[in-house]
Each structure stands twice: as C-alpha cells, then as structure tokens.
Amino acid sequence: MSKDKNILLKLENITKYFGDIKALDNVSLDVEKGEKVVIVGPSGSGKSTLLRSVNMLEKVDQGHIFFEGKEVGYRFKKGKRLPDTPKNISFLRSETGMVFQHFNLFPHMTAMQNVMEGPVTVKKKSKEAAAEIAKKVLAKVGLSDKKDVHPVKLSGGQKQRVAIARALAMEPKLMLFDEPTSALDPELVGEVFNTIKSLAAEGMTMVIVTHQMGFAKEIADRVIFMEDGVFVEQGTPKEFFSSAQTNKRISDFISTIL
Amino acid sequence: MKFVKIILIIAFAVSVSSVLYADNSQVFIKAGNLVASGSFDEAIETLQQIPPPEKGGNTKDYVKAQLKIAKLSHALKNFKTAKKASANAIKADPDNTEAKQFLKSVKRESTPDYILFFTDAVRFLPSLLKGALMTFILVIVTMAVSPVGGLFIALGRISRFKPFSILCWFIIWFFRGTPLLLQLFFIYYGLPALGITLSPIYAALIGLGINYSAYLAEIIRAGIQSIDSGQMEAAKALGMTYSQAMKRIVIPQTYKRLIPPIGNEFIALIKDTALVSTISMVELMRSADRLFNTYFNINVLILAAVIYLLFTTFFTFIFEHMEKRVGIYEQR
C-alpha cells in the first residue's frame, strides 16, 4: 500500500482510562508525512492525553501506536500489555519533539545548554557537534542573541521559542505541540506562532493541540474537534469551519473561546 | 661560788629562752585576741613583730606568723600583703606546701578575670584544639558521606521497586526514630557481641553517617519531589532515561532548595559529635570534660563553647555562600 508508506504516525483504537473516567475512547488517527493536524476541543476532552500518548508520557490501556509503520511503545507478553523497554521508548521520544504549554525549560541551564542537552545526553554527540546544532536551531527561532541567558531572564514567548529549538535539536520526524501558546500573554502569541509556521513551511509533520482557532485555520491541513475522548468532527479547515456552523457542539465551543 | 655562778648562768639562759619563747606565744595570743575582736589590721601589725630567721628569729614561728598574716590580708582583700607574706613564708621554709598553695591561689584570685582567661586559654588550648581537630574530622567525613547516603536512600524511597523502597523506608524509620546516643552504644558496645568489633572512630563515623543519611534522605526526597513534574516530563520527552533525567535535570535543581535545610542539619551535626565522647572518642567535648574534671576551671568549658561557635559560624558562612552561588541562575 503506497499510501501507508506515507503515513508517519498511526494510532489504532486507542483507549485510555483515568480511574473510571474514559479519557480516550477508541480513537484512531493517521498522520501523513508533512501533514499538520490541529486538534481543538474543550478542556478535559482528551486532546492533551492523546498527544502525550504518542510519546509514551501517558500509557494507554488499549490500542496500538505505529511510528513509521512499526508498532511502538508497548510489548505484548501472553496477551498482557507492557511498556516497551526504556531504550526503545527513549528512541521513540528522541524521534518526536514535544513542546509543552508551560515550556518546561531547564532553569539551571542557559538557552544554549537547554538546546544542547538532548543531543549530548541522549544522542551522545560531542559538545562541539551539539553546540553547532544548537546555534543553528536558535538562529532558526530567532534567539541567537539569547544563547547565554538563563530562562528566568526570557519572556514567555522567548522561552517557548527556546523550547521549540530544544525539541528541534533532536532532529525529530514529528513535532507535538501541547497548547504552545496557552500560557502566554496575548501579545507574545504571535512570535511563537510565526516560529511554528516557519517550521511548517519546511515540511515538518506536526500535531498541534490549541485553542487558537485563527491559527488552526491558517496552519492546519486537517482540524479535528475532540470531545469526551472521541473525534466529533474532522476535515480541512474549510470543511471544518463550514460544518461548525451546522454542528451545535462545535459552534458552542468556538463561541466560548472567541 | 663557782657553783653559784654556774647556777646563775643556767638560770639566766633558761629565763632568757623562756622569755623569748613566751614572748612569741604572747604575740600569737595577742594577735588571736585582736582577730577575735575584729581588729584584723592590728593583728597583722602584731604578727609582723616576729622577726625573720636571718634576724635571729624562730623559723617555725616566723612561718606561722607570715601565713597568718597572708590569710588575714587575704580576708581583707589585701592581695599584695597576702602575696608578700606567703612569699616570705616560702623563703623561710621552701618545703612548706601550704604556703605554696596559698600563694598560688592568691595570685590567681588577684589576677584580673580577662588576663586569667587568656592564661587559661594558653594553658588549655593545645589539648582542646587536639580534641577540636577530631571533632572537625568527624564533621567533615559525615558531611561528605551523609548526602551521598541520603540521596541513595531518598531515591530508594521514591523508587517503584517495592523491596528497595520498603528497605529505605525502614532505615529512615529506625534511625530517625531512635536516639543517636543509643545507636552509638549499639554500634560500639553491642556489635562486638555479634563478632563485629569497631574502633571508636569507625563506630562514631558509622553511627553519625547512617543517622545523618537517614535525616538527609527525607530532606532530599522532599527536594526532589518539590521540583515541577514538567521538568521530568520535558527530560523524558527528549528521550532521556529516568536516571539521566534525575542526574542531569531534577537533582541539580534541588541544590538551592536543599542547602538551607541540609545546612541546618549539619549545624546540628557539629554539636551532635559531642555524643561520641560517650564511646571513648576523644574529641572536643571529651577533652573539655577531662580538663574540667581535673582543674574544675570553668574557663575550659567557655573555651570549648567558643570553639564550637567558631565551627558553627564557619560552616554557616560556607552554606550561605554556597546557596548564593548555586542559585545564581534564578537571579533575574
């Protein structure tokens, strides 16, 4: 199947419980190489959980995850689901960059050291090679001049751009953005979006969870509306926003966040 | 006639000597009466009449008189006369121990307190400092060992490997829950019954090391758990293993938070080392205790307190400096 060859990430019938609550209910999703998928929906709908399941920050209870056609994340022993070996999980994570709502920069390291940390510690690159990469990605997010600054001295937008650079330094095949602008002052949202947009223009595959409808419209190849752990609606931005007018749940949601 | 002459000479000699003798005893009786009536100064003057042996006086009476003068002047707080009189007594009778001791105590009493303190310091410091060096060694070794032990126990406590976690919980429970003194006794006096005999220094270091590891373990655990869970997630998302994330990301961020409470524990440690004096370790407290029991001199204890204070001040300063340096990245 030539189409499958193009699929970078495949989620198959993912179900996840938090206690008695079903956070993800039999969710399936294919993401093609270069595709930009934006997931929207009210809080508690399971969008972050879905994103975090991809790189094993959450462990799912049912279903399968395929990355580049190979099943990842779990071993199955006598029908029992076990997390994959730390080495395999670590490899999967190193291939998928993640950007968090609260940046989670390492405060005890400078911007440069933050970015170098992955290549040095995980990929065992030399300091010189890592510094080379770090300079490149910091330039890409427009923060070359802040390379020796600790996170405490950066604005929220700058922090998030360093966090993006940190993820990019691992040269990931897939980027996961978990509400990357939700913790930012409104005037700082733009610089982070522009960084993500330029990354998109380079052909990076992305799954983005966001509340920013305008941004979703602009960047997405596909928009998914999620609620109560299921995909309620999905389509191209054009399809999505026209169906939003007919689907009451989506129009309600959009009116609450606008 | 000759016979009468001899009788007269003998009678004269006897009467002269008896008069001389009677003269001194009269002086002592007179002086005694004067003391009884409260006229100390006059009593002293009376006693001064007894001549020194070089002027033909009786050595025994002279020494007796001078000692009495010394004691009376001492009672009158006239230390100068007291010193002079007892020195006179010693000069006349160099073997008189009473006079010697009296002179010593008068000299001590008449010296100003601050000078006395410094002379005592010069006298006692060498052996106190020897003890202080041992205290310093105990403190430094425990400070080096217990954070490592504490980190190990703390990581065990938060480990998901249950047997290890329970073992570490038990260590903390036991060593925080019993007196350090009891633990030291057990290690030094109890372990030989199990065939393990330790020299005092090893027993002391093991006791202090384990006890402080157990205390620090809880501080370190709290420190690790106080770091935002997003840090561990971000590290994992980069592909780090748990131990890499701990070592590179989480633990370095705990340093600033850990220095104040651990510094606090270490100040307590400096004073807790005094407990090992009970298992025949000669350290500062034990040295002070020995000197005090020999000389009953309170300055020994004051000197020991000063040395302890110097230690605690020194380490307080070091910890404050470290806290500032380690937390430099938090300064905007």
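Residues numbered from 1 in each chain as written. Chains lettered and ligands numbered in written order. Predicted model: local features only at pLDDT ≥ 70, side-chain atom pairs only at ≥ 80, totals over all residues. Heavy atoms only, no water.

Novice: Would you mind going over the overall build of chain A with me for this structure?
Specialist: When you go through chain A residue by residue, the secondary structure sums to 10 helices and 12 strands. Its C-alpha atoms give chain A a radius of gyration of 18 Å, near enough to 18 Å, the size a compact globule of 258 residues would have. Judged by the C-alpha coordinates and their principal axes, chain A covers about 50 × 50 × 40 Å. Counting every position in chain A, which comprises 258 residues, the buried fraction comes to 55%. Sequence-distant contacts in chain A: of pairs separated by 6 or more residues, those separated by 24 or more amount to 64%. Element-wise, carbon and sulfur atoms account for 50% of the exposed surface of chain A, whose accessible area totals about 11500 Å². (Helix = DSSP H or I, 4+ residues; strand = E, 2+ residues; numbered from the N terminus. Rg over C-alpha atoms; globule rule 2.2 N^0.38 Å. Buried < 20%, exposed > 50% of the residue type's maximum accessible area, 1.4 Å probe, protein only. Contact = heavy atoms within 4.5 Å. Areas by Shrake-Rupley, 256 points an atom, 1.4 Å probe, with all protein chains shown as cover.)

Novice: Can you walk me through the overall build of chain B in this structure?
Specialist: In terms of helices and strands, chain B carries 13 helices and zero strands. When the helices and strands of chain B are listed from N to C terminus, the series reads α-α-α-α-α-α-α-α-α-α-α-α-α. For 332 residues, the compact-globule formula gives about 20 Å, and the C-alpha radius of gyration of chain B, at 36 Å, lies well above that figure. Once local pairs closer than 6 in sequence are excluded, the contacts in chain B between residues at least 24 apart make up 68%. Total accessible area on chain B stands at roughly 19100 Å², and carbon and sulfur atoms take up 66% of it. The averaged location of the 22 negative side-chain charges in chain B is 5 Å from the averaged location of its 35 positive side-chain charges. (Lys, Arg positive; Asp, Glu negative; His and termini not counted. Charge placed at Lys NZ, Arg CZ, Asp CG, Glu CD.)

Novice: Can you walk me through the side chain of glutamine 253 of chain B in this structure?
Specialist: Residue and element names in this part refer to chain B. Note that glutamine 253 resides in helix H11 (residues 242-272). By relative accessible area, glutamine 253 is classed as buried at 5%. Within polar-contact distance, the side chain of glutamine 253 engages the backbone oxygen of isoleucine 249 at 3.1 Å. (Polar contact = N/O pair within 3.5 Å; in protein donor to acceptor, adjacent residues only side chain to side chain.)

Novice: Where do I start with the interface of chain B and chain A in this structure?
Specialist: Accessible area lost upon the coming together of the parts is a frequently used measure of interface size. Of the residues lining the interface, 20 residues belong to chain B; the matching set on chain A comes to 25 residues. For the pair chain B and chain A, the number of links is two salt bridges. Among the ionic pairs, arginine 248 of chain B bridges to glutamate 117 of chain A, the shortest N-O distance being 2.6 Å. Here chain B is connected to chain A by seven residue pairs in polar contact (both at pLDDT 80 or more). Every element with two or more residues in the side of chain B that touches chain A is listed here: helix H10 (229-237) and H11 of chain B. Among the elements that line the side of chain B that touches chain A, the one with the most residues is H10 of chain B, at seven residues. Split into classes, the residues belonging to the side of chain B that touches chain A amount to eight nonpolar, six polar and six charged. (Salt bridge = Lys/Arg side-chain N within 4 Å of Asp/Glu carboxyl O. Nonpolar A, V, L, I, M, F, W, Y, C, P; charged D, E, K, R; others polar.)

Novice: I'm lost on unusual backbone geometry in this one. Help?
Specialist: Peptide bonds are trans in most cases, and residues, glycine excluded, mostly fall at negative phi. The residue asparagine 26 of chain A is not glycine, and still its phi comes out positive at about 55 degrees. Structurally, asparagine 26 of chain A can be placed in strand E2 (residues 21-32).

Novice: Any chance you could explain the packing of aromatic side chains here in plain terms?
Specialist: Pairs of aromatic rings are described using the distance from one ring centre to the other and the angle between the two planes. All names here are of chain B. Inspection of every chain in the model, using the stated rule, returns 19 aromatic pairs over all chains. For the pair phenylalanine 124 and tyrosine 295, a centre-to-centre distance of 5.3 Å together with 55 degrees between the ring planes defines the contact as tilted. Here tyrosine 295 lies in helix H12 (residues 284-295) and phenylalanine 124 lies in helix H6 (residues 113-157), a separation of 171 residues in the sequence. Between the aromatic rings of phenylalanine 170 and phenylalanine 174, the centroid separation amounts to 6.3 Å while the plane-to-plane angle is 20 degrees, which identifies the pairing as stacked. Of this pair, phenylalanine 170 and phenylalanine 174 both sit in helix H7 (residues 162-177), four residues apart, which is roughly one turn of that helix. (Phe/Tyr/Trp six-rings, centres within 6.5 Å; stacked < 30°, edge-to-face > 60°.)

Novice: Please explain a positive patch on the surface as it appears in this structure.
Specialist: Residues Arg75, Lys77, Lys78 and Lys80 of chain A make up a contiguous surface patch of positive charge. Position of lysine 77 of chain A among the secondary structure elements: in strand E6 (residues 74-77). (Patch = residues over 30% accessible without salt bridge, like charges linked within 9 Å, V, L, I, M, F, W, Y side chains within 5 Å.)

Novice: Would you explain the pairing of strand E8 (residues 96-99) of chain A in this entry?
Specialist: One face of the sheet, then the other: side chains in a regular strand alternate in exactly this way. Residues and elements named next belong to chain A. Burial of the side chains of E8 extends over both faces: Thr96 and Met98 are buried on one face and Gly97 and Val99 on the other. Of the pairings in the sheet, the one linking E8 to strand E9 (residues 174-178) comprises four bridges and is parallel in character. Bridge pairing links glycine 97 to methionine 175 in E9. (Pairing = 2+ DSSP bridges.)

Novice: Would you mind showing me how to read the sheet that holds strand E5 (residues 70-72) of chain A here?
Specialist: Residues and elements named next belong to chain A. Here we have four strands laid out as an open sheet, ordered E2-E1-E4-E5, and antiparallel in their pairing. Among the strands making up the open sheet, the edge pair consists of E2 and E5. Taking the axes of each pair of neighbouring strands and ignoring which way they run, one obtains an average angle of 25 degrees across the sheet. Note that strand E1 (residues 7-18) and strand E4 (residues 62-67) share five bridges and pair antiparallel. Bridging across to E4, glutamate 12 finds its partner in histidine 64. (Axes fitted to C-alpha atoms, helices over the stretch in contact; angles between N-to-C directions.)

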